[in-house]
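Below are the chains, spelled out letter by letter.
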Amino acid sequence: MANQSVLIVDDEPDIRELLDITLSRMGLETHSAATLGEAQGMVAEVLPDLCLTDMRLPDGDGISLVEYIQRDHPHIPVAMITAHGSVETAISALKAGAFDFISKPIELERLRSLVITALQLGDDASRESAAVDQELIGSAPAIKSLRLQISKLARSQAPVHIRGESGSGKEVVARLIHKNGPRAAGAFVAVNCGAIPPELMESELFGHIKGSFTGANQDKIGLFQAASGGTLFLDEVADLPLSMQVKLLRAIQEKAIRPVGSAAEQAADVRVLSATHKDLTAEVSAGHFRSDLFYRINVIDVHVPPLRERAEDIPELARAILRRINTTGDRQQPELDDSAVSALTSYAFPGNVRELENMLERVVALSEGGPISADDLQFSNAQAKTETTPGSGEQLQNHDAGGNLEGYLEGIERSLINQALEDTRWNKTNAAKLLGVSFRSLRYRMKKLGLDD
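Residues numbered from 1 in each chain as written. Predicted model: local features only at pLDDT ≥ 70, side-chain atom pairs only at ≥ 80, totals over all residues. Heavy atoms only, no water.

K.L.:
Even after reading the chapter, I still don't get the packing of aromatic side chains, so can you show me in this structure?
P.N.:
Each pair of aromatic rings is reported with the distance of its centres and the angle of its planes. One pass over the structure, following the stated rule, counts three aromatic pairs. Aromatic side chains Phe206 and Phe224 sit 5.5 Å apart centroid to centroid with 50° between the ring planes, which places their arrangement in the tilted category. Placement of Phe206 in helix H9 (residues 198-206) and of Phe224 in helix H10 (residues 223-226) is noted, with a sequence separation of 18 residues between them. Owing to a relative accessible area of 4%, Phe206 belongs among the buried residues under this scheme. Relative accessible area serves as the criterion here: at 2%, Phe224 is assigned to the buried category. (Phe/Tyr/Trp six-rings, centres within 6.5 Å; stacked < 30°, edge-to-face > 60°. Helix = DSSP H or I, 4+ residues; strand = E, 2+ residues; numbered from the N terminus. Buried < 20%, exposed > 50% of the residue type's maximum accessible area, 1.4 Å probe, protein only.)

This is how it looks when you write it as structure tokens:
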């Protein structure tokens with residue numbers, strides 16, 4: 001951290017002195033300002049690597065400084081110092097573009113961790129953008145906008161909620177935010193909240209100590225501890241039981257967790273990202289999701305567009321997927337002919353990118369070489385975009401595999417069951433709920449379709 005500098009902005013001399021001593025011991029050069037006007041002039045003069053600012057200043061507030069730096073010096077991260085328990089203030093600062101926040105009274109260990117993380121950002125935003133460009137494929141306007149948003153969010157510690165349909169790539173976006181940020185060297189821990197039984201949820205997230213309940217034969221670290229120094233991705237967060245939502249809210253706000261059976265809290269140095277395919281606002285209105293937790297995890301909202309809204313990206317995506325499938329190099333790179341490209345771009349893809357991947361993996365597995373044509377593609381759903389009048393003989397002939405209606409219907413059923421199982425990480429109980437059938441009915445259907453292996 002040699003030759004790196006921090007600007008301290010606070011009107012209390014004691015706070016400035018405490019921060020100055022702590023940061024100097026870390027080998028950092030410090031500069032101090034007591035007012036908003038003084039801070040703005042000093043930012044332009046010294047171009048610090050980090051700015052620490054109090055919320056309340058004699059001639060304005062810290063958010064004004066955040067907005068000024070975001071506008072004129074966006075490569076400089078700003079951390080806000082807030083009053084203890086002032087959640088609204090912290091969220092306002094994060095929405096304005098603050099890197100992170102720390103509450104008074106300032107815990108020095110937490111301060112050091114924040115500073116180290118912020119200084120790992122550097123100012124090479126172009127490198128981050130290039131990395132995102134390579135991994136988020138497509139040139140549709142929505143994807144271009146999403147790439148820019150990811151690059152910006154990677155330089156923040158704000159909680160991000162990612163919404164989008166199943167299979168649209170929400171976890172890909174979460175991984176890119178992690179990979180291109182200061183926590184990239186830490187772990188990325190993903191958990192599907194809908195796949196964990198409610199009675200095990202607290203132990204899975206926070207861990208437990210030996211003897212805390214029947215079957216707890218040894219200490220176990222939870223997912224928060226496993227993600228320490230990195231990112232915890234809560235997929236399908238809308239499926240959390242209400243009782244668990246209260247405990248998750250406290251863990252996020254206090255940046256600390258308490259393992260089951262323990263009397264002591266442990267610091268939780270994680271960035272929380274979340275996602276769901278459900279409408280969280282509607283879930284809050286229906287009383288299924290706590291409004292205070294929604295407010296806390298939805299500081300920044302990111303929308304991942306469905307594949308049908310960026311059909312122009314399908315050929316490029318398909319070719320990238322084929323290159324990834326053909327990693328062994330023991331066969332010629334599969335190519336799509338014009339008929340295949342046309343068929344893919346005219347299909348609605350209800351399963352989004354995941355459905356495209358599954359389709360191409362099946363084609364490659366069955367391929368005997370040569371270009372892939374439209375005849376090689378097996379669409380698992382009848383929702384293809386078509387000019388043919390629904391119900392016409394021509395449409396039925398195109399979709400029923402030569403008039404075999406039973407086989408056609410079984411194909412749709414098999415596809416829906418497979419999709420539900422993938423969405424729930426092969427948890428059959430949750431898959432049955434997703435499909436609106438009983439567990440016994442799902443088990444019977446899977447056995448009938450040969451899916452119970």
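K.L.:
Would you explain the pairing of strand E15 (residues 271-276) in this entry?
P.N.:
Looking down a regular strand, the side chains alternate between one sheet face and the other. Of all the six residues making up E15, six are buried; the element is thus mostly covered by neighbouring parts of the structure. The alternating pattern of E15 places Arg271, Leu273 and Ala275 on one face and Val272, Ser274 and Thr276 on the opposite face, and all of these are buried. Across four bridges, strand E8 (residues 160-163) lies against E15 in parallel orientation. In the sheet register, Ile162 faces E15, and the bridge partner there is Ala275. Pairing geometry for strand E12 (residues 231-235) and E15, over four bridges, is parallel. The residue of E15 that forms the bridge with Leu234 is Ser274. (Pairing = 2+ DSSP bridges.)

K.L.:
What is the right way to read the sheet that holds E8 from this model?
P.N.:
Strand-to-strand pairing in sheets goes through backbone hydrogen bonds, with the strands running parallel or antiparallel. Read from one edge to the other, the open sheet built from five strands follows the order E9-E12-E15-E8-E16, with strand pairing classed as parallel. With partners counted over all chains shown, the strands left at the sheet margins are strand E9 (188-192) and strand E16 (300-303), one partner each. The average angle at which neighbouring strand axes cross in this sheet is 20°, direction not considered. Summarising the sheet, E9 and E12 pair through five bridges and their orientation is parallel. Among the inter-strand pairings, Val189 is bridged to a residue of E12, identified as Leu232. (Axes fitted to C-alpha atoms, helices over the stretch in contact; angles between N-to-C directions.)

K.L.:
Any chance you could explain a positive patch on the surface here in plain terms?
P.N.:
On the surface, a cluster of positive charge is contributed by Lys428, Arg440, Arg443 and Lys447. Top element by residues in the positive patch is helix H20 (residues 439-448). It accounts for three residues. By secondary structure assignment, the location of Lys428 is in helix H19 (residues 428-435). (Patch = residues over 30% accessible without salt bridge, like charges linked within 9 Å, V, L, I, M, F, W, Y side chains within 5 Å. Areas by Shrake-Rupley, 256 points an atom, 1.4 Å probe, with all protein chains shown as cover. Salt bridge = Lys/Arg side-chain N within 4 Å of Asp/Glu carboxyl O. Lys, Arg positive; Asp, Glu negative; His and termini not counted. Charge placed at Lys NZ, Arg CZ, Asp CG, Glu CD.)

K.L.:
Is there a simple way to explain the pattern of salt bridges in this structure?
P.N.:
Pairing of side chains with opposite charge becomes possible as their charged atoms draw close. Enumeration according to the criterion identifies 21 salt bridges in this entry. In this structure, Arg110 engages Asp100 in a salt bridge whose closest nitrogen and oxygen atoms are separated by 3.5 Å. With a gap of ten residues between them, Arg110 in helix H5 (residues 108-119) and Asp100 in strand E7 (residues 100-103) connect regions that are remote in the sequence. Asp100 sits in the buried class, given a relative accessible area of 6%. Where Arg354 meets Asp423, a salt bridge forms, and the shortest distance between an N and an O atom there is 2.5 Å. With Arg354 in helix H16 (residues 352-366) and Asp423 in helix H18 (residues 405-423), this residue pair connects regions lying 69 residues apart in the sequence. A cluster of three or more residues bridged by salt bridges with shared partners is formed by Asp10, Glu12, Asp54 and Lys104.

K.L.:
Which parts of the structure should I look at to understand the packing of helix H14 (residues 314-325) against helix H15 (residues 338-345)?
P.N.:
Working note: a packed helix pair is described by the angle between its axes plus the distance between those axes. At a minimum axis distance of 9 Å, the contact between H14 and H15 shows a crossing angle of 115°. The handedness of the crossing between H14 and H15 is right-handed. Seen from H14, the contacting residues are Ile314, Pro315, Ala318 and Arg319; seen from H15, they are Val341, Leu344 and Thr345. Split into classes, the residues belonging to the contact of H14 with H15 amount to five nonpolar, one polar and one charged. (Left-handed = near helix turned anticlockwise from the far one by under 90°. Contact = heavy atoms within 4.5 Å. Nonpolar A, V, L, I, M, F, W, Y, C, P; charged D, E, K, R; others polar.)

K.L.:
Whenever I open this one, the packing of H14 against H16 confuses me. Can you help?
P.N.:
Running from N to C, H14 and H16 cross one another at 50°; their axes reach a closest spacing of 10 Å. Looking at the two axes, H14 sits oblique to H16. Note on packing geometry: the crossing formed by H14 with H16 is right-handed. Contacts from Leu317, Ala318, Ile321, Leu322, Arg324 and Ile325 of H14 reach H16 at Val353, Leu356, Glu357, Leu360, Glu361 and Val364. Its residues placed into classes, the contact of H14 with H16 shows nine nonpolar, no polar and three charged. (Parallel < 35°, antiparallel > 145°, perpendicular 65-115°, else oblique.)

K.L.:
Would you take a moment to explain the confidence of the model for the protein chain for this structure?
P.N.:
Residue-level pLDDT values for the protein chain average 86, and 89% of them are 70 or greater. Least confident of the elements in the protein chain is helix H17 (residues 393-399), whose mean pLDDT is 39; most confident is strand E1 (residues 5-9), at 97. Overall, residues 381-403 carries pLDDT values under 50, and its contacts beyond four positions in sequence, including any with other chains, amount to 24 contacts. (pLDDT = per-residue confidence, 0-100.)

K.L.:
Any chance you could explain the sheet that holds strand E3 (residues 50-54) here in plain terms?
P.N.:
The strand order across the open sheet built from five strands is E2-E1-E3-E6-E7, with neighbouring strands paired in parallel fashion. The two strands at the open ends of the sheet, each matched to only one other strand, are strand E2 (29-33) and E7. Adjacent strand axes in the sheet meet at a mean angle of 20° when their direction is disregarded. Judged from the four bridges that link them, E3 and strand E6 (residues 78-82) form a sheet pairing that is parallel. If you follow Cys51 over to E6, its bridge partner there is Val78.

K.L.:
Even after reading the chapter, I still don't get H16, so can you show me in this structure?
P.N.:
For an α-helix, the turn length of 3.6 residues means that residues three or four places apart are oriented alike. In a regular helix each residue adds 1.5 Å, so 15 residues correspond to 21 Å; H16 covers 22 Å between its end C-alpha atoms and thus fits that length. Every buried residue of H16 is listed here: Asn352, Val353, Glu355, Leu356, Met359, Leu360, Val363 and Val364. Projected down its long axis, H16 carries its buried residues within an arc of 165°, all on one side. Seen from the buried face of H16, the exposed residues on the opposite side, beyond 90 degrees, are Ala365 and Leu366. (Expected span 1.5 Å × (residues − 1). Arc of directions from axis to C-beta.)

K.L.:
How should I be thinking about the side chain of Arg296 in this particular structure?
P.N.:
Looking at the element boundaries, Arg296 is found in helix H13 (residues 291-297). Comment: no salt bridge for buried Arg296; closest opposite-charge side chain is Asp100, at 6.9 Å. Those residues in contact with Arg296 that lie beyond four places of it in its chain are Val87, Ile91, Phe101, Pro159, Leu249, Ile252 and Gln253.

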